[in-house]
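# Results of the structural survey
What follows is the residue order along each chain.
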Amino acid sequence: MTDEDPILTEIAAELALKREQWRGVRVQRLQLKKELEGLGLDKTGIRKHAEYKRLEKEQSHLSAVLKHIEKRMNRRRARLNEQNA
């Protein structure tokens, strides 16, 4: 990755921040799942649990945001490659 472009560096920093948020939500969701399994809930019961559903939805949203940031970064890289060629 070329760090010469300040915009590309900024996008990469934003991507790293969102990835860290995604990982945090994932850890919370998996911990909650383990707790609910320990209480004896089955898969259906876990999926219907309000907090678990909220964490799944948040993780899904962050995944979409990550894809958009990655697209923006790839477009920027492609433009830089075209200009340098």
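Anything mentioned here points back to the structure above.
Residues numbered from 1 in each chain as written. Predicted model: local features only at pLDDT ≥ 70, side-chain atom pairs only at ≥ 80, totals over all residues. Heavy atoms only, no water.

### Brief notes about the nonpolar core
- With eight residues, the main nonpolar core is built from Leu8, Ile11, Ala12, Leu15, Leu66, Ile69, Met73 and Leu80.
- Put simply, the parts of the chain that give this core at least two residues each are α1 (6-38) and α3 (50-84).
- Setting aside anything within four residues of it in sequence, one finds Leu15 in contact with Leu66, Ile69, Glu70 and Met73.
- Counting residues in each nonpolar core, the second largest holds seven residues, with Val25, Leu36, Tyr52 and Leu62 among its members. (Core = buried A, V, L, I, M, F, W, Y, C linked by side-chain atoms within 4.5 Å. Buried < 20%, exposed > 50% of the residue type's maximum accessible area, 1.4 Å probe, protein only. Helix = DSSP H or I, 4+ residues; strand = E, 2+ residues; numbered from the N terminus. Contact = heavy atoms within 4.5 Å.)

### Brief notes about the side chain of Asp5
- Summarising the element assignment, Asp5 is placed in the segment before α1.
- The class for Asp5 is buried, based on a relative accessible area of 10%.
- Within the structure, the side chain of Asp5 is placed 2.7 Å from the side chain of Arg76, a separation counted as a polar contact.
- Every residue in contact with Asp5, bar those within four places of it in the chain, is listed here: Arg76 and Leu80. (Polar contact = N/O pair within 3.5 Å; in protein donor to acceptor, adjacent residues only side chain to side chain.)

### Observations concerning the side chain of Arg29
- Turning to its location among the elements, Arg29 is positioned in helix α1.
- Beyond its immediate sequence surroundings of up to four residues, Arg29 is in contact with Tyr52, Leu55, Glu56 and Gln59.

### Digging into the pattern of salt bridges
- Enumeration over the complete set of coordinates arrives at six salt bridges.
- Taking the shortest distance from any N to any O, the salt bridge between Glu14 and Arg72 comes out at 2.4 Å. Taken together, the residues Glu14 in helix α1 and Arg72 in helix α3 connect sequence positions 58 residues apart.
- Note on Glu14: relative accessible area 31%, which makes it partly exposed.
- Taking relative accessible area as the criterion, Arg72 reaches 35% and is therefore assigned partly exposed.
- Between Glu70 and Arg19 there is a salt bridge; the shortest N-O distance is 2.9 Å. (Salt bridge = Lys/Arg side-chain N within 4 Å of Asp/Glu carboxyl O.)

### Focus on a positive patch on the surface
- Together, Lys67, Lys71, Arg75 and Arg79 make up a positively charged patch on the protein surface.
- The residue Arg75 is located in helix α3 in this model. (Patch = residues over 30% accessible without salt bridge, like charges linked within 9 Å, V, L, I, M, F, W, Y side chains within 5 Å. Areas by Shrake-Rupley, 256 points an atom, 1.4 Å probe, with all protein chains shown as cover. Lys, Arg positive; Asp, Glu negative; His and termini not counted. Charge placed at Lys NZ, Arg CZ, Asp CG, Glu CD.)

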